[in-house]
Amino acid sequence: MPASFQPVRGMRDLIGDEAQAFTAIIGRARQIAEYYGFCEVIVPHVEPLELLSAKSGEEIRQRMFIFKDLGERQVALRPEFTASIARLVTTALRNEPKPLRLFSSGTVYRYDEPQKGRYREFWQSNFELMGSARPEADAEIVLLTNGLMASLGLEGYAFKVGHIGVIRGILCQDEVDEKAQNAILQKMDKKDYDAALKLVDSEKSRSMLEGLIAIKGDNWRETVDQMLAYVSEYPAAKLAVENLAEILGLVTESTNTTIRVDPAFARGLEYYTGMIFEIYVPQLDIALGGGGRYDRLIEVFGGEATPAVGCAHGIDRVAIALQTQNAVRIDKSVKRVAVIAITEALKVQALKIAQQLRLAGVAVEFEVMGRKMSKALEDADKRGADYAIIVGEREFKEGAVMLKDLANRQQSVVAIEQLAEKIKS
Ligand code: HAM
């Protein structure tokens, strides 16, 4: 056996502070879920391949970890949560009253080319709001993303927003079939506009898309006005722009955030039917999260027609953004102490003291290596403990222990009943 196994390419170990930073971000997402009325669901890592590939799009389909289980079933590691949640809504949650607000978090798997911020196993916090086609549902998804980013302490972030109904509206009217539309959108997602335009058979549509790609601007209202005028001959595309304007009106009038509309914005996932968005910070050119409206997925899975909108946040990337902005906040408020018994005979008493302290909300590392006091103290110091508690014969007879403050090296005899209070003060 090789002595130095490494994680599989694109997968990582998260250790100590890094793991804590991830847990803290997920904890915050869970809190946002609670504040926005989302119910947590835990879904499997492995799903039928057919479910995961139904509407995910070529890009994701080619990057899935696919295998046959021992029962010869074609299965895959989930590349995202949306398909699993849509499955839930067509099965166990079929009869639940709408709207359904569902939150999940965990790892997802895509065979991407590993680089900074791009892994093959990565973490998402995922929110889906099912059952409403109204713009306030879309606004809620954008607002909760904004709420998460703000509460984590991220600065300077901006939303890039578009509407898939604009591009599809144009292509449908000029009778470009759905398969071709999907291929065009995949290229547009990669910003490979030349390749996208080459795939458009209809000359009219091609020139419309060219014009759409050229519309730019930092003020979302102006961009939306330009788009409205531009698609005036395309009723479905016009409705899509109006819908976008209404959503963004709701968002920007209810909170202060930066929105940029990109008329030619497309996302890799195939199921989107309406508003789509991604979120960026200036220091990174990769999206920290993304989502949008997908009104037909649940039907594709055999459920009742159910409009839906959702998003996922890339925890790994949010962690990088926080680090880049020096905004990582790890809660170090719990005091840490080392408890050391001087003699074998006092071990049980020392264990009891440790338990009492833990019940009182103090973190205790009990001396388990049988080391001499000086070595144990040295180790506690190295590990960054706040205090050491030395349980010795003389003090213990008086119902007390020695409490050593490892920061200022002062020590005092403290009654066992007052220990927790003294440490926490
Ligand atoms: P997505 O844009 O594919 O959307 O992924 C969401 C986020 O996951 C991205 O914005 C990014 O932060 C992170 N991410 C994606 N790929 C990687 C990777 N290889 N390494 C690290 N992070 C990555 C979805 O997954 C949709 N299911 C979102 C959604 C929910 N739409 C509607 N409902």
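The sections below set out a description of the structure shown in this document. What you see is a predicted model, and the numbers here were worked out from it, not measured in a lab.

### Notes on the overall build of the protein
Next, step 1: Across its full length, the protein holds 17 helices and 16 strands.
Next, step 2: In summary, the protein has a C-alpha radius of gyration of 28 Å against a globular reference of 22 Å for 425 residues, an excess of more than 25%.
Next, step 3: In terms of overall dimensions, the protein has a C-alpha envelope of 95 × 55 × 45 Å along the principal axes.
Next, step 4: A buried classification covers 51% of the 425 residues belonging to the protein.
Next, step 5: Excluding contacts between residues fewer than 6 apart, the proportion of contacts in the protein whose partners are at least 24 apart in sequence is 67%.

### Considerations on the pattern of salt bridges
Next, step 1: Counted under the stated rule, the structure contains 29 salt bridges.
Next, step 2: For Arg-63, the salt bridge is made with Glu-59, and the minimal N-O distance between the two is 3.5 Å.
Next, step 3: Owing to a relative accessible area of 21%, Glu-59 belongs among the partly exposed residues under this scheme.
Next, step 4: In the salt-bridge network here, residues are joined through shared partners; they are Glu-59, Arg-63, Asp-112, Asp-189 and Lys-190.

### Quick notes on the pairing of strand E12 (residues 336-341)
Next, step 1: Examined bridge by bridge, E12 and strand E13 (residues 363-366) share four bridges and lie parallel to one another. When the sheet's bridge partners are listed, Val-339 is paired in E13 with Phe-366.
Next, step 2: This β-α-β element, E12 to helix H14 (residues 347-359) to E13, shows right-handed connectivity.
Next, step 3: Across five bridges, the pairing between E12 and strand E14 (residues 387-391) is parallel. When the bridges of E14 are listed, Ala-341 appears paired with Val-391.

### Re empty space enclosed by the protein
Next, step 1: The final tally for this structure, using the stated rule, is two cavities of 30 Å³ or more.
Next, step 2: When its volume is computed, the largest cavity comes out at roughly 70 Å³.
Next, step 3: Lining the largest cavity are Ile-164, Arg-168, Asn-182, Leu-185, Gln-186, Arg-267, Gly-268, Leu-269, Glu-270 and Tyr-272.
Next, step 4: Sorting the residues of the lining of the largest cavity by element identifies helix H6 (164-173) and helix H7 (178-189) as the ones contributing at least two each.
Next, step 5: Of the residues assigned to the lining of the largest cavity, the class counts are four nonpolar, three polar and three charged.
Next, step 6: What the second largest cavity holds in volume is close to 30 Å³.

### Thoughts on helix H5 (residues 135-152)
Next, step 1: With 18 residues, H5 ought to run about 26 Å at 1.5 Å a step, and its terminal C-alpha atoms sit 26 Å apart, in line with that.
Next, step 2: For H5, a buried count of 14 out of 18 residues is recorded, marking the element as mostly surrounded by other parts of the structure.
Next, step 3: The first or second residue beyond H5 is Gly-153, which carries a positive phi of 95°.

### Some points on the environment of Lys-55
Next, step 1: Mapped onto the fold, Lys-55 is located in the loop between helix H2 (49-53) and helix H3 (58-61).
Next, step 2: For the pair Lys-55 and Asn-256, spaced 201 residues apart in the sequence, the C-alpha separation amounts to 34 Å.
Next, step 3: If we skip the residues at most four places from it in the chain, Lys-55 touches Glu-178, Glu-270, Tyr-271, Leu-297 and Val-300.
Next, step 4: Polar contacts involving the side chain of Lys-55 include one to the side chain of Glu-178, which spans 3.1 Å.

### Observations regarding the layout of surface pockets
Next, step 1: Of the volumes computed, that of the largest pocket is approximately 980 Å³.
Next, step 2: Of all elements in the fold, only H3, strand E6 (121-130), H7, strand E9 (275-280), strand E10 (289-293), strand E11 (308-314) and helix H13 (315-324) reach the threshold of two or more residues within the lining of the largest pocket.
Next, step 3: Residue classes in the lining of the largest pocket are distributed as 20 nonpolar, twelve polar and 17 charged.
Next, step 4: Looking at the second largest pocket, its volume works out to about 330 Å³.
Next, step 5: Lining the second largest pocket are 17 residues, with Lys-160, Asp-218, Arg-260, Val-261 and Asp-262 sitting closest to its centre.
Next, step 6: Ranked by the residues each element gives to the lining of the second largest pocket, the list is headed by strand E7 (residues 158-163), at three residues.
Next, step 7: Here the residues of the lining of the second largest pocket are counted per class, giving nine nonpolar, two polar and six charged.

### Focus on the packing of helix H10 (residues 220-230) against helix H11 (residues 235-254)
Next, step 1: Packing of H10 against H11 brings their axes to within 10 Å, and their N-to-C directions diverge by 165°. When the interaxial angle is binned, H10 and H11 end up roughly antiparallel. Remark: the crossing between H10 and H11 carries left-handed chirality. Residue-level contacts link Trp-220, Arg-221, Val-224, Met-227 and Leu-228 of H10 to Lys-238, Val-241, Glu-242, Leu-244, Ala-245, Leu-248, Gly-249, Thr-252 and Glu-253 of H11.

### Considering the sheet that holds strand E3 (residues 66-68)
Next, step 1: The strand order across the open sheet formed by three strands is E2-E4-E3, and the pairing between neighbours is antiparallel. Edge positions in the sheet fall to strand E2 (46-48) and E3, since each has one partner strand and no second. Strand-to-strand twist across the sheet, computed as the mean angle between neighbouring axes with direction ignored, equals 40°.

### Examining the nonpolar core
Next, step 1: Formed by 104 residues in total, the largest nonpolar core has its most connected members in Phe-127, Ile-141, Leu-154, Met-188, Leu-209 and Leu-288.
Next, step 2: Grouped together as the second largest cluster of nonpolar side chains are 20 residues, Leu-346, Tyr-387, Ile-389 and Val-391 included.

So, how was this worked out
Residues numbered from 1 in each chain as written. Predicted model: local features only at pLDDT ≥ 70, side-chain atom pairs only at ≥ 80, totals over all residues. Heavy atoms only, no water. Helix = DSSP H or I, 4+ residues; strand = E, 2+ residues; numbered from the N terminus. Rg over C-alpha atoms; globule rule 2.2 N^0.38 Å. Buried < 20%, exposed > 50% of the residue type's maximum accessible area, 1.4 Å probe, protein only. Contact = heavy atoms within 4.5 Å. Salt bridge = Lys/Arg side-chain N within 4 Å of Asp/Glu carboxyl O. Pairing = 2+ DSSP bridges. Right-handed = clockwise from strand over helix to strand, strands pointing away. 1 Å grid on protein atoms, 1.4 Å probe; cavity = no way out; pocket = protein on both sides within 12 Å on 5 of 7 lines; lining within 4 Å. Points joined across faces, edges and corners; volume = space filled by probe spheres on them. Nonpolar A, V, L, I, M, F, W, Y, C, P; charged D, E, K, R; others polar. Expected span 1.5 Å × (residues − 1). Polar contact = N/O pair within 3.5 Å; in protein donor to acceptor, adjacent residues only side chain to side chain. Axes fitted to C-alpha atoms, helices over the stretch in contact; angles between N-to-C directions. Parallel < 35°, antiparallel > 145°, perpendicular 65-115°, else oblique. Left-handed = near helix turned anticlockwise from the far one by under 90°. Core = buried A, V, L, I, M, F, W, Y, C linked by side-chain atoms within 4.5 Å.

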